[in-house]
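Chain by chain, the residues:
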Amino acid sequence: LRKMATEDKSVIFITHKLEEVMSVSDRVTVLRAGRVVGTVATSNSTKSDLATMMVGRKVLFTYEKLGVAARNPILEVHDLRVLNDKGLPALKGVSIIVYAGEILGVAGVAGNGQRELAESITGLRGASSGRIILDGGDTTGRSARYVIEHGVAYVPEDRVREGAPQNMSVAENLVLRTYRYKPYSKGLMLQRHEMKANADQLISKFNIMTPSTDTVTRTLSGGNLQRLILARELSGKPKLIVALYPTRGLDVGATEYVRGLLLKQRGMEAGIVLISEDLEEIFMLSDRIAVLYDGQIMGIVPAAGANIEEIGLMMGGALKKGSV
């Protein structure tokens with residue numbers, strides 16, 4: 001893009017990633033709610049300035065992690081081997097432990113087994129061998145419903161195709177984990193008034209911008225769709241949260257909200273598996289970092305002392321370290 005600009009071409013570059021804005025552009029026009037907030041010279045601006053213009057308030061770029069992880073494991077994965085959709089090995093003997101009140105960041109280039117790891121933990125994909133222990137109980141080979149009922153929340157990679165059925169209403173989506181049980185179900189009938197009351201409460205608590213509880217989910221923005229998924233998944237006070245690329249495609253305000261919510265759950269002693277390609281996010285939120293390459297754990301290191309160059313080498317398979 002910079003080369004095109006030097007060739008006397010004009011480039012309009014539309015993005016919500018502030019790093020790209022700062023590295024590529026000469027001037028920045030900020031839109032918020034369909035209106036122009038202002039136009040500034042990139043050289044005279046900072047990420048913080050632009051974020052404030054985008055969101056309408058000061059945005060946090062650093063987060064405080066309160067409390068220390070307990071030493072009781074909430075998740076234990078032992079020598080897990082899993083096939084991908086083509087029947088080829090995706091996980092090749094993966095072993096990790098996640099403690100209550102801890103965020104284990106899983107770093108790696110996409111396509112190295114992240115999706116298969118998330119789906120096997122949450123009961124969406126079977127294992128060829130190995131064991132998955134949740135809070136002391138063996139959940140290997142158990143159904144997604146069983147895993148949900150035993151305290152696991154899942155934020156999937158694709159919020160549109162997998163996270164929330166697009167033709168359902170907001171109220172219906174918000175009870176997908178719990179519709180079988182009282183007060184939402186009575187015999188064979190769903191209790192619509194209870195579903196609406198639940199939706200009203202969660203819309204307010206998680207600040208979901210929607211015209212009504214009956215709004216069809218496909219009309220929501222990406223950020224509000226992610227808030228809906230988080231509201232549904234976290235409202236049951238989960239023991240374990242598996243978050244797969246939870247801020248991908250979100251603007252700076254929605255990203256700040258999601259990260260803050262994960263840290264809040266950590267403070268409530270949930271164990272969190274945070275799978276992300278964003279190394280800044282991994283370093284910012286994690287207590288320990290596991291690096292996944294070609295279906296294998298290259299190492300697990302404390303985030304506080306982690307070296308970004310070493311993590312990068314591990315992500316590329318060029319360096320393997322011991323685990324802690």
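Let me sum up the structure you'll find in this document. (Residues numbered from 1 in each chain as written. Predicted model: local features only at pLDDT ≥ 70, side-chain atom pairs only at ≥ 80, totals over all residues. Heavy atoms only, no water.)

What to know about the pairing of strand 2 (residues 35-41)
Two faces, one strand: in a regular strand the side chains alternate between the faces of the sheet. The pairing of strand 1 (residues 27-32) with strand 2 spans six bridges and is antiparallel. From the neighbouring strand, Thr 29 faces strand 2, where its bridge partner is Thr 39. (Pairing = 2+ DSSP bridges. Helix = DSSP H or I, 4+ residues; strand = E, 2+ residues; numbered from the N terminus.)

Describing a nonpolar patch on the surface
On the surface, Leu 1, Met 4, Val 11 and Phe 13 cluster together to form a nonpolar patch covering roughly 320 Å² of accessible area. Structurally, the position occupied by Phe 13 is in the loop between helix 1 (2-6) and helix 2 (18-24). You can call Phe 13 partly exposed: its relative accessible area is 36%. (Patch = residues over 30% accessible without salt bridge, like charges linked within 9 Å, V, L, I, M, F, W, Y side chains within 5 Å. Areas by Shrake-Rupley, 256 points an atom, 1.4 Å probe, with all protein chains shown as cover. Salt bridge = Lys/Arg side-chain N within 4 Å of Asp/Glu carboxyl O. Buried < 20%, exposed > 50% of the residue type's maximum accessible area, 1.4 Å probe, protein only.)

With respect to helix 9 (residues 222-234)
Quick reminder: α-helices carry 3.6 residues per turn. Residues three or four places apart thus point the same way. In a regular helix each residue adds 1.5 Å, so 13 residues correspond to 18 Å; helix 9 covers 18 Å between its end C-alpha atoms and thus fits that length. Within helix 9, eleven of the 13 residues are buried, leaving the element largely enclosed by the surrounding structure. What helix 9 keeps buried is the set Asn 224, Leu 225, Gln 226, Arg 227, Leu 228, Ile 229, Leu 230, Ala 231, Arg 232, Glu 233 and Leu 234. Tucked into the core, helix 9 has its buried residues touching strand 8 (152-155), helix 6 (159-163), helix 7 (170-173), helix 8 (192-205), strand 11 (240-244) and helix 10 (252-267). (Expected span 1.5 Å × (residues − 1). Contact = heavy atoms within 4.5 Å.)

Regarding the sheet that holds strand 3 (residues 73-83)
Strand-to-strand pairing in sheets goes through backbone hydrogen bonds, with the strands running parallel or antiparallel. Taken in spatial order, the four strands of this open sheet run 4-3-6-7, and their pairing is antiparallel. Two strands in the sheet have a free side with no partner beyond their single neighbour: strand 4 (89-99) and strand 7 (137-138). As judged from the five bridges shared by strand 3 and strand 6 (residues 129-134), these two strands associate in the antiparallel manner. Across the sheet, the residue bridging to Glu 76 is Ile 133, located in strand 6. Contacts from helix 4 (residues 114-121) reach strand 3, strand 4 and strand 6 within the one sheet, and its direction differs from that of strand 3 by about 120°. (Axes fitted to C-alpha atoms, helices over the stretch in contact; angles between N-to-C directions.)

A few points about unusual backbone geometry
Cis rather than trans, the peptide bond between Lys 182 and Pro 183 has omega equal to 5°. Position of Pro 183 among the secondary structure elements: in the loop between helix 7 and strand 9 (185-186). Even without glycine at this site, Asp 79 takes up a positive phi of about 50°. Checked against the element boundaries, Asp 79 lands in strand 3.

Some words on the pairing of strand 3
With eight bridges joining them, strand 3 and strand 4 adopt antiparallel strand pairing. Across the sheet, Glu 76 pairs through a bridge with Ile 97, a residue of strand 4. In this structure, the hairpin formed by strand 3 and strand 4 is closed by a connection of five residues, where Gly 87 is found at a positive phi of approximately 80°.

A short note on the nonpolar core
Grouped burial of nonpolar side chains is what soluble globular proteins tend to show. Leu 174, Phe 206, Leu 228, Ile 241, Leu 262, Leu 274 and Leu 285 are the most contacted members of the largest nonpolar core, which has 33 residues in total. Counting only elements with at least two residues in this core, the list comes to strand 8, helix 7, helix 8, helix 9, strand 11, helix 10, strand 12 (271-276) and helix 11 (279-285). In this view, Leu 274 contacts Ile 103, Leu 104, Gly 105, Val 106, Ala 243, Pro 246, Leu 262, Glu 281, Ile 282, Leu 285 and Ser 286; residues no more than four positions away in its chain are not counted. Counting residues in each nonpolar core, the second largest holds 29 residues, with Leu 80, Leu 91, Leu 134 and Val 152 among its members. (Core = buried A, V, L, I, M, F, W, Y, C linked by side-chain atoms within 4.5 Å.)

Things to note about the pattern of salt bridges
A complete count under the given rule lists 25 salt bridges for this structure. For the salt bridge of Arg 248 with Glu 157, the shortest nitrogen-to-oxygen distance reads 3.0 Å. With Arg 248 in the loop between strand 11 and helix 10 and Glu 157 in the loop between strand 8 and helix 6, the pair connects residues that are 91 residues apart, well separated along the chain. Judged by relative accessible area, which is 35%, Arg 248 ranks as partly exposed. The exposure class of Glu 157 is partly exposed, given its relative accessible area of 28%. Among the charged side chains, a salt-bridge network with shared partners connects Asp 85, Arg 115, Glu 119, Arg 125 and Glu 162.

Concerning helix 10
Across its 16 residues, helix 10 extends 23 Å between first and last C-alpha, which sits within 8% of the 22 Å expected from 1.5 Å per residue. Taken across its 16 residues, helix 10 has 13 buried, putting it largely inside the fold. In this structure Asp 251 caps helix 10, since a side-chain oxygen of it lies 3.0 Å from the backbone nitrogen of Gly 253. Glu 269, located one to two residues past helix 10, shows a positive phi value of around 70°. (Polar contact = N/O pair within 3.5 Å; in protein donor to acceptor, adjacent residues only side chain to side chain.)

Description of the sheet that holds strand 5 (residues 103-107)
Pairing is mixed in the open sheet, where six strands are placed in the order 8-11-12-5-13-14. Edge positions in the sheet fall to strand 8 and strand 14 (296-302), since each of these pairs with one other strand and no more. When the angles between neighbouring strand axes are averaged without regard to direction, this sheet yields 15°. In this sheet, strand 14 lies alongside strand 13 (residues 288-293) in antiparallel orientation, the contact comprising six bridges. Looking at the pairing, Ala 290 lines up with Ile 300 of strand 14.

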